[in-house]
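Summary of the model geometry
In case you want the letters, here they are:
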Amino acid sequence: MVLTQLVVILAVLVAGVAGAALRGHDDSKDVLSVVQSASTAAAGQPSLRATVQMHLSGNGVDVTTGGEFLVDTVHNVSSGSMQAPGIGELKFVAANGLSYSQLRRPDAAGHHWVSVPSPNGASSLGGQDPLAMLKLIGDAKGVETVGDESVHHVTTTHYREKLDPARLGEAVVKTGQFTLPPGFADSVKDAVIDLWIDDRNLPRRMTMSLGVQQITMSMKLEFLDYGKPVHVTVPSADDVTAVANMQELIEKLRSGLH
């Protein structure tokens, strides 16, 4: 249970669900403005596919998880799946301000889905809205250019940015989904984001690494198939059990295993 909660908390951290303000595109083309406007450029595409991989290690933990998500920015819906330690494959849909997670088996009410309010459009486990991760770069204090690199046969520029640990902690608190123990944010260290942006100012890859206490975490997002058709089916309201917060969601998902 503790490991599952840690994965969820870290996923929310890197998702940047605080929704930091993004600057508009700056014609001066300085490094900071290009990186900041990449989120806006991605959100301006009608759709995309993204894959995510996450690895946690340390203090007896060695977990690798991942998933794939489809995002329809025109209708503001998304769907996908992700592996969760102790739970297995989780299937998601996000729509109408809610994140829906499919239960492994029907609950006591006979419902196959559980919903939780989706803060700022972010996903229930932090991965369902890959665009949300890009919001972490919105008020960067400093960005460096690493160099030109090819990603999926597309020429990109690789940028790197260090993140303020305090801001990551604020991202979790502002979701209203978690109460962090005192000093948790202070234990976050070495938080770094790398971003690969093409000549259309579209992100093609994003990685992040950080440490929390004795645990180190790395995550990689691949942004693929911009503009290709996406079809998302939203669960029927009469097949959904609503919960109020992330803790209730985790308990509901785990109860379906027994």
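Residues numbered from 1 in each chain as written. Predicted model: local features only at pLDDT ≥ 70, side-chain atom pairs only at ≥ 80, totals over all residues. Heavy atoms only, no water.

Digging into the overall build of the protein
Scanning the protein for helices and strands turns up five helices and 12 strands. Of all 258 residues assigned to the protein, the portion counted as buried reaches 54%. Looking at the protein alone, contacts between residues at least 24 apart form 60% of all its contacts between residues at least 6 apart. Carbon and sulfur atoms provide 50% of the accessible area of the protein, an area that totals close to 11600 Å². (Helix = DSSP H or I, 4+ residues; strand = E, 2+ residues; numbered from the N terminus. Buried < 20%, exposed > 50% of the residue type's maximum accessible area, 1.4 Å probe, protein only. Contact = heavy atoms within 4.5 Å. Areas by Shrake-Rupley, 256 points an atom, 1.4 Å probe, with all protein chains shown as cover.)

Considering the pattern of salt bridges
According to the stated counting rule, one finds eight salt bridges in the structure shown. The partner of R49 in a salt bridge is D225, with the nearest N and O atoms 2.7 Å apart. Residue R49 is located in strand β1 (residues 47-58), and its partner D225 is located in the loop between β11 (215-224) and β12 (240-242); the two are separated by 176 residues in the primary sequence. Exposure remark for D225: the relative accessible area of 27% places this residue in the partly exposed category. Through salt bridges with shared partners, a single network forms among R49, E68, D225 and K228. (Salt bridge = Lys/Arg side-chain N within 4 Å of Asp/Glu carboxyl O.)

What about the packing of aromatic side chains?
Each pair of aromatic rings is reported with the distance of its centres and the angle of its planes. A full pass over the atoms with the stated rule returns one aromatic pair. In this structure, R205 packs its charged tip against the face of W196, placed 5.6 Å from the ring centre. (Phe/Tyr/Trp six-rings, centres within 6.5 Å; stacked < 30°, edge-to-face > 60°. Lys NZ or Arg CZ within 6 Å of the ring centre and 35° of its normal.)

Overview of the sheet that holds strand β6 (residues 113-117)
Spatially, β7-β8-β9-β10-β11-β1-β2-β3-β4-β5-β6-β12 is the arrangement adopted by the 12 strands of the open sheet, whose pairing is mixed. Only two strands of the sheet have a single neighbouring strand rather than two, namely β7 (143-151) and β12. When the angles between neighbouring strand axes are averaged without regard to direction, this sheet yields 20 degrees. Pairing between strand β8 (residues 154-162) and strand β9 (residues 188-198): seven bridges, direction antiparallel. (Pairing = 2+ DSSP bridges. Axes fitted to C-alpha atoms, helices over the stretch in contact; angles between N-to-C directions.)

Quick look at unusual backbone geometry
The phi dihedral of D190 falls on the positive side, at around 55 degrees, and the residue is not glycine. Locating D190 in the fold gives a position in strand β9. Despite not being glycine, D225 shows a phi value in the positive range, around 55 degrees.

Let's talk about the environment of M206
Note on placement: M206 falls in strand β10 (residues 203-212). Take M206: its relative accessible area is 0%, and that puts it in the buried class.

What about the pairing of β1?
Here β1 runs beside strand β2 (residues 61-72); their pairing, made up of 12 bridges, is antiparallel. Bridged to S47 within β2 is D72. Once β1 ends, the chain turns through two residues before running back antiparallel as β2, passing N59 with a positive phi of about 55 degrees. In this sheet, β11 lies alongside β1 in antiparallel orientation, the contact comprising nine bridges. The partner of R49 across the bridge, within β11, is L224.

Some thoughts on the confidence of the model for the protein
For the protein, the average pLDDT comes to 74, and 67% of its residues sit at 70 or higher. The secondary structure element of the protein with the lowest average pLDDT is helix α1 (residues 2-15), at 45, and the one with the highest is β12, at 95. Here residues 1-29 scores under 50 on pLDDT; set against residues more than four positions off or in separate chains, the count is 82 contacts. Note on residues 121-129: pLDDT under 50 across the span, and 30 contacts to partners over four residues away in sequence or across chains. (pLDDT = per-residue confidence, 0-100.)

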